[in-house]
Amino acid sequence: GEALAEKLPGGHANLKDQFRRALASAYLQTAEGASRTGKERVARYRGAKSESSETAACLDAVLILKLAPKEEVDAILDLLRRHCAMMTGLMKVRR
C-alpha cells in the first residue's frame, strides 16, 4: 500500500494522507489486538477491520479518479479483503 501511496500524483494530498493513516491504523490495531484478551481484543480487531474498510474506500476513490493502475489497486484490495475476513474470524475465536 505504501508503494502505491508514494506514486499518487500531487493535488491529492488529503486522499494520500487518509489512505496512509487508515492503512497504518489497520496494521497497528491488528498488532494491538494480538496482545489483548476478551472484549479488548475484539474491540481492536473490530477497529482494524474498520480501518481496512476505510483503506479500501480510499482505493475506490483512487480508481474512480484514475490515479493508479487497476491491477495494482486490485492486488491491494484483495489483501484488504483477506485482512477483513481474518479479523472477522479472530473476533469469533475465544473471547
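Because the structure is a prediction, the values reported are computed rather than measured. (Residues numbered from 1 in each chain as written. Predicted model: local features only at pLDDT ≥ 70, side-chain atom pairs only at ≥ 80, totals over all residues. Heavy atoms only, no water.)

Draft legend 1. Structural context of helix α2 (residues 13-34). In this model α2 runs 32 Å from its N-terminal to its C-terminal C-alpha over 22 residues, within 8% of the 32 Å that 1.5 Å per residue would give. All of the buried residues along α2 are Leu15, Lys16, Phe19, Ala22, Ser25, Ala26, Gln29, Thr30 and Gly33. Tucked inside the fold, the buried residues of α2 contact α1 (2-7), α3 (38-64) and α4 (70-92). (Helix = DSSP H or I, 4+ residues; strand = E, 2+ residues; numbered from the N terminus. Expected span 1.5 Å × (residues − 1). Buried < 20%, exposed > 50% of the residue type's maximum accessible area, 1.4 Å probe, protein only. Contact = heavy atoms within 4.5 Å.)

Draft legend 2. Representation of the nonpolar core in the model. One finds Leu4, Phe19, Leu59, Val62, Val73, Leu77 and Leu80 to be the most contacted residues of the largest nonpolar core, which totals 15 residues. Breaking this core down by element, the ones donating at least two residues are α1, α2, α3 and α4. Residues in contact with leucine 59, not counting those within four places in the same chain, are Leu4, Phe19, Val73, Ile76, Leu77 and Leu80. Membership of the second largest hydrophobic core comes to five residues, among which are Val42, Tyr45, Ala48 and Met87. (Core = buried A, V, L, I, M, F, W, Y, C linked by side-chain atoms within 4.5 Å.)

Draft legend 3. Up close: the environment of leucine 63. Within the secondary structure, leucine 63 is located in helix α3. Taking the relative accessible area as the measure of exposure, leucine 63 reaches 25% and is therefore partly exposed. Here the alpha-carbon distance between leucine 63 and methionine 87, two residues 24 residues apart in the chain, equals 25 Å. Not counting the four nearest positions on each side in its chain, leucine 63 is found in contact with Ala68, Lys70, Val73, Asp74 and Leu77.

Draft legend 4. Quick peek at the layout of surface pockets. Its boundaries defined by the atoms lining it, the largest pocket holds a volume of some 210 Å³. As for the largest pocket, its lining consists of Gly1, Leu23, Ala26, Tyr27, Thr30, Ile76, Leu79, Leu80, Arg82 and His83. Contributing elements (two or more residues each) for the lining of the largest pocket: α2 and α4. Broken down by element, the residue count for the lining of the largest pocket peaks at five residues, all from α4. Its residues placed into classes, the lining of the largest pocket shows six nonpolar, three polar and one charged. (1 Å grid on protein atoms, 1.4 Å probe; cavity = no way out; pocket = protein on both sides within 12 Å on 5 of 7 lines; lining within 4 Å. Points joined across faces, edges and corners; volume = space filled by probe spheres on them. Nonpolar A, V, L, I, M, F, W, Y, C, P; charged D, E, K, R; others polar.)

Draft legend 5. Representation of α3 within the structure. For α3, built from 27 residues, the straight-helix expectation of 39 Å at 1.5 Å per residue is met to within 8% by its first-to-last C-alpha distance of 39 Å. Regarding α3, the residues found buried are Gly38, Val42, Tyr45, Gly47, Ala48, Glu51, Ser52, Thr55, Ala56, Cys58, Leu59 and Val62. In this fold, the buried residues of α3 make contact with α1, α2 and α4. Once α3 ends, the next one or two residues include lysine 66, with phi positive near 55 degrees.

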